[in-house]
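Chain by chain, the residues:
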Amino acid sequence: MVDAAISVRQLTRVYSSRKGFLFNEVTRTEALRGVDLEIAPGELFGLLGPNGAGKTTLAKILSTLLLPSSGSARVLGLDVVRDAPRLRSRIGLVLGGERGLYYRVSGRENLRYFADLYGIPRAERESRITEMLERVGLGAAGDQRVEEYSRGMKQKLHLARGLLHQPELLFLDEPTIGLDPKSARETRKFVRALLSEGVTIFLTTHYMFEAEELCQRIAVLSKGKIVATDSVAGLRQLVGGDRTFEIDGYGFEDAELARLKALAGVSRVVTEEFGPRLRITLRVQSPELELDRVARALPGHPELEVRERRTALEDIYLDLVEEEPA
Ligand SMILES: Nc1ncnc2c1ncn2[C@@H]1O[C@H](COP(=O)(O)OP(=O)(O)OP(=O)(O)O)[C@@H](O)[C@H]1O
Ligand SMILES: [Mg+2]
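Values in this document were obtained by computation on a predicted structure and should not be read as measured data.

**Quick notes on the overall build of the protein**
Looking only at helices and strands, the protein has eleven helices and 14 strands in total. Along the first, second and third principal axes, the C-alpha set of the protein runs to 75 × 55 × 45 Å. Looking at the protein residue by residue over its 326 residues, the buried ones come to 48%. Residue pairs at least 24 apart in sequence account for 70% of intrachain contacts in the protein once pairs closer than 6 positions are excluded. With an accessible surface of roughly 16400 Å², the protein has 50% of that area assigned to carbon and sulfur atoms. Computing the positive centroid from 47 side-chain charges and the negative centroid from 48, the protein places the two 6 Å apart.

Take a look at the structure:
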C-alpha cells in the first residue's frame, strides 16, 4: 500500500481544567481515548460523532494546533509533534464558526495577512488571493470589511484562508454549519472539486446526508473512541443491513415490543415519541420478514401504520452511538 496520508496510533488527549472557588478543583476530560485511524492519499474521509465526542480535538491534533497526551500521529509521513513546522505548510485547516478572522479589515486584507504567515511570495500573493476569493464566491465582496459579512460569507473566507497556500491535505471541521442550503451545496461542490484535484480531505460533520454524499469512508467517534470505520455500505451491513421498518401507533406495551424483538430477522427495536403517537423502528436483517408479519404481531391496533424504507446513515449512526456503554 502507498504511504497513508494520515496514520494514527493509540492517540489520547486529556484536558485538565480548573474549577470551583479558588480554582482548586481540577477536572480531567478524556477527549480522545485511544484512537487508531488510517486514511489513504486522495481520500475524502468523514468523521461523525455526537457533540463532545472529540472530533475537533482530533482535527486540531492532526493539524498541529494541539498536542496529544499520548500515542502517535503521522500526517503526510510527518510526525504531528516533532515535524510540526514542516507539516504546517502542507496542510490546511478550516474550523467552522466565526472565529479566527479580523473583522475590522476586508476579506482581501485578511488573506494578505495569512499569505504572509504562510510565506507565499509577494509576487504571487495578489493573484493568488484574487483567484481564491473568486473560487469561494467572494469575488465581489473581497474589499468589504469582514464585520459586514454574513455568516456564510465568513465561512467562505475561512475556506479561502485554509486553501491559500495550496495544501495537499485539508481538515474541514463542520464546514457547512449554519449555512443556507444553497451555500452548503456550493461548499460541497467545492469540496468535490478539491478532491478531484487530488487533495486529501478529512471532514467532520453533523449532517448525515452530507457525509453520505461526499465521503468514501466514515468513522464514527463516540466518547473519544472510534466505534466503527467503513464505507456507508459497510456500516449498513455492520448494523444489520438495508431494511428498516417503521411502525406508527398508540400505546404500545412492553410485551408488544418484546414480541417484535423476538421476530426472526429483527436485530434492533427503537422507540420514539411523536406527540401522542409512538414510532417503533425495526432494523431487519432477514430478506424474508414481511410487513404483514409485523402487523400481525401487534393485534388490537386498528390505527397501525407500517412501512419499509432503506436504512439511512442516520439510523446507522444512532445505532452505533446509542449502543455505546456510558
Ligand atoms: N480547551 C478545552 N478544555 C477543556 N475541555 C475541553 C476543551 N476543548 C474540548 N474539551 C472537552 O473535550 C471533549 C471533546 O470536545 P471536542 O470539541 O473535541 O468535541 P466535538 O466532537 O468536536 O464536539 P462538537 O460536535 O460539539 O463540535 C468535550 O468533553 C469537551 O468539553
Ligand atoms: Mg467540534
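**Points about the packing of aromatic side chains**
Per the counting criterion, the structure on display carries six aromatic pairs. For the ring pair Tyr207 and Phe209, a centre distance of 6.2 Å and an interplane angle of 35° mean the geometry is tilted. A network of ring pairs unites the aromatic residues Phe45, Phe171 and Phe202 as a single cluster. Between the NZ or CZ atom of Arg161 and the centre of the ring of Phe114, over which it lies, the distance is 3.9 Å. It is Arg277 that lies over the ring of Tyr250; its NZ or CZ is 5.3 Å from the centre.

**Observations regarding the pairing of strand E4 (residues 70-75)**
Sheet analysis places strand E1 (residues 6-19) next to E4, joined by five bridges and oriented antiparallel. Note on E4: the bridge partner recorded for Ile6 is Val75. Inspection of the sheet shows E4 paired to strand E5 (residues 78-79) by two bridges, in the antiparallel sense. From the neighbouring strand, Val75 faces E5, where its bridge partner is Leu78. Counting the residues between successive antiparallel strands, the hairpin from E4 to E5 contains two residues, one of them, Leu76, with a positive phi of roughly 50°.

**Details of a nonpolar patch on the surface**
Taken together, the side chains of Tyr102, Tyr113 and Leu117 define a hydrophobic patch exposed on the protein surface, amounting to about 320 Å² of accessible area. With respect to the helices, strands and loops of the structure, Tyr113 is situated in helix H3 (residues 107-117). Accessibility expressed as a relative area gives 38% for Tyr113, which makes it partly exposed.

Quick notes on the rules
- Residues numbered from 1 in each chain as written.
- Chains lettered and ligands numbered in written order.
- Predicted model: local features only at pLDDT ≥ 70, side-chain atom pairs only at ≥ 80, totals over all residues.
- Heavy atoms only, no water.
- Helix = DSSP H or I, 4+ residues; strand = E, 2+ residues; numbered from the N terminus.
- Buried < 20%, exposed > 50% of the residue type's maximum accessible area, 1.4 Å probe, protein only.
- Contact = heavy atoms within 4.5 Å.
- Areas by Shrake-Rupley, 256 points an atom, 1.4 Å probe, with all protein chains shown as cover.
- Lys, Arg positive; Asp, Glu negative; His and termini not counted.
- Charge placed at Lys NZ, Arg CZ, Asp CG, Glu CD.
- Phe/Tyr/Trp six-rings, centres within 6.5 Å; stacked < 30°, edge-to-face > 60°.
- Lys NZ or Arg CZ within 6 Å of the ring centre and 35° of its normal.
- Pairing = 2+ DSSP bridges.
- Patch = residues over 30% accessible without salt bridge, like charges linked within 9 Å, V, L, I, M, F, W, Y side chains within 5 Å.
- Salt bridge = Lys/Arg side-chain N within 4 Å of Asp/Glu carboxyl O.

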